[in-house]
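# Geometric and topological summary
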Amino acid sequence: MKQWIGISEFVAVAELQSFTKAAKQLGISVAQVSRNIAELEASLAIKLLYRSTRSVSLTEEGQLYLQHCRHLVASLEEANRTLANLKATPRGQIKLTAPVFYGETRIAPLLHDFMRLYPDTELDLQLTNNKLDLVQGGFDLAIRLGTLESSSLIARKLASRTQYVVASPVYLAQNGTPQNLTELAQHQCLTGTVAQWRFMQHGKVVQFKPQGRIVCNSGVALLDAALKGLGLVQLPDYYVGDKLQCGELVAVLNELRQPDDGIWAIYPQNRHLSAKVRVLADYLAAKLN
């Protein structure tokens, strides 16, 4: 890669305005800095620097060339850091936010196992159903559920979730099992923070507005109401999976079930993905699938 010779030396000398300081920063001799820059100038057939015994300054061409070379050197340094992080052991604090129920039942236990694997890590976990500002809050990572809003954040899919409409056997025995959305409209529906339930009908996603006696912003509370026969509720698998397995709840309208949506790790776009965050994201993806 002969065309790269002298570029790092040229940028260092131009920014420090000293061959001696540049050599010290790069960990090479002054003579090597001078030789490499001279070879660069020869390959370009352009003089980049004015040299004297007391000062160094840029030629007009050197000023223009420096603007481009800075980006090259910065990209190279970033590439080197990325490779170094691949070998690094996770250490230091990880600041993370996640939704309350999913965070308590799925994410926190995995984080605790992760900390046992990597004893030099520390955890700052904030569980909230509010979507916090990651940059302003200094978060390394956020766990988000469902369909993502458009943003400048980087998203990595960790797993999928399935939404079920469920009711207790007692409720269905007393009120019947709905076979379509028209019949569902005649039933007591337990409503949460999402005003519309989503279904797949004739190849298209459709919205259904549930009506009922109970509205609550807690999935745990709605689950309890469904178990006690007060109506039907649409909840993700991590709320109802074990209840379906043991028969305490029954899933209905499975043929109209909406497509699975995502469980995501979200990162601030301009934040360098450190080893601790990268390894944690890999760990969560492996364990949640």
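The preceding data block contains the structure.
Overview of the structure. (Residues numbered from 1 in each chain as written. Predicted model: local features only at pLDDT ≥ 70, side-chain atom pairs only at ≥ 80, totals over all residues. Heavy atoms only, no water.)

### With respect to the state of the cysteines
For the structure on display, the rule yields 0 disulfides. As a non-bridged cysteine, Cys189 has Cys216 as the owner of its nearest cysteine sulfur, 15 Å distant. Exposure remark for Cys189: the relative accessible area of 1% places this residue in the buried category. (Disulfide = S-S within 2.5 Å. Buried < 20%, exposed > 50% of the residue type's maximum accessible area, 1.4 Å probe, protein only.)

### A few points about the pattern of salt bridges
Scanning the model with the defined rule gives 8 salt bridges in all. Of the charged contacts, one joins Glu41 and Arg51 as a salt bridge, the two residues approaching to 3.0 Å between their closest N and O atoms. One end of the pair, Glu41, is in helix α3 (residues 30-44); the other, Arg51, is in strand β1 (residues 49-51), and 10 residues separate them in sequence. With a relative accessible area of 10%, Glu41 lands in the buried category. Residue classification places Arg51 among the partly exposed positions, given a relative accessible area of 36%. Arg156 serves as the salt-bridge partner of Asp282, at 2.6 Å between the closest nitrogen and oxygen. Separated by 126 residues along the polypeptide, Asp282 in helix α11 (residues 275-288) and Arg156 in strand β6 (residues 154-161) bring together distant segments of the chain. Owing to a relative accessible area of 29%, Arg156 belongs among the partly exposed residues under this scheme. (Salt bridge = Lys/Arg side-chain N within 4 Å of Asp/Glu carboxyl O. Helix = DSSP H or I, 4+ residues; strand = E, 2+ residues; numbered from the N terminus.)

### Structural notes on the sheet that holds strand β5 (residues 141-145)
In spatial order, the strands read β4-β3-β5-β13-β6; together these 5 strands make up an open sheet with mixed pairing. Taken across any chain shown, the strands that pair with only one partner, and hence form the sheet edges, are β4 (121-127) and β6. The mean inter-strand angle of the sheet, taken between neighbouring strand axes irrespective of direction, is 20 degrees. Sheet analysis places β6 next to strand β13 (residues 261-267), joined by 7 bridges and oriented antiparallel. When the bridges of β13 are listed, Ala159 appears paired with Ile263. Helix α5 (residues 100-117) contacts β3 (92-98), β4, β5 and β13 of the sheet and is inclined by roughly 180 degrees relative to β4. (Pairing = 2+ DSSP bridges. Axes fitted to C-alpha atoms, helices over the stretch in contact; angles between N-to-C directions. Contact = heavy atoms within 4.5 Å.)

### What about the nonpolar core?
Within the largest apolar cluster, 37 residues are counted, with the highest numbers of intra-cluster contacts made by Leu96, Ile143, Val240, Leu280, Leu284 and Leu288. Broken down by element, the residue count for this core peaks at 8 residues, all from α11. For Val240, the residues in contact, after removing those within four places along its chain, are Tyr164, Val166, Leu223, Leu235 and Leu249. (Core = buried A, V, L, I, M, F, W, Y, C linked by side-chain atoms within 4.5 Å.)

### What to know about the packing of aromatic side chains
All chains considered together, the criterion is met by 9 aromatic pairs. Plain terms: the ring middles of Phe101 and Tyr239 are 4.0 Å apart, the flat faces sit at 10 degrees to each other, and that makes the pair stacked. Of this pair, Phe101 sits in helix α5 while Tyr239 sits in helix α10 (residues 237-246), and the two are 138 residues apart along the sequence. Side by side, Phe101 and Tyr239 carry an identical accessibility label, which is buried. Linked through ring pairs, Phe101, Tyr102, Tyr238 and Tyr239 together constitute an aromatic cluster. Cation over ring: Lys95 sits above Phe139, and NZ or CZ is 4.8 Å from the ring centre. (Phe/Tyr/Trp six-rings, centres within 6.5 Å; stacked < 30°, edge-to-face > 60°. Lys NZ or Arg CZ within 6 Å of the ring centre and 35° of its normal.)

### Examining a nonpolar patch on the surface
A surface patch of nonpolar side chains, amounting to about 250 Å² of accessible area, comprises Trp4, Leu72 and Leu76. By the element assignment, Trp4 lies in the segment before α1 (7-16). Since its relative accessible area comes to 35%, Trp4 is described here as partly exposed. (Patch = residues over 30% accessible without salt bridge, like charges linked within 9 Å, V, L, I, M, F, W, Y side chains within 5 Å. Areas by Shrake-Rupley, 256 points an atom, 1.4 Å probe, with all protein chains shown as cover.)

### Quick look at α3
Over its 15 residues, α3 extends 21 Å from the first C-alpha to the last, a length consistent with the 21 Å expected when each residue adds 1.5 Å. Within α3, burial applies to Val33, Asn36, Ile37, Leu40 and Glu41. Across the axial projection of α3, the buried residues extend over an arc of 140 degrees, all falling on one side. Exposed residues pointing more than 90 degrees away from the buried face of α3 are listed as Arg35, Ala42 and Ser43. At the C-terminal side of α3, Ala45 shows a positive phi close to 60 degrees. (Expected span 1.5 Å × (residues − 1). Arc of directions from axis to C-beta.)

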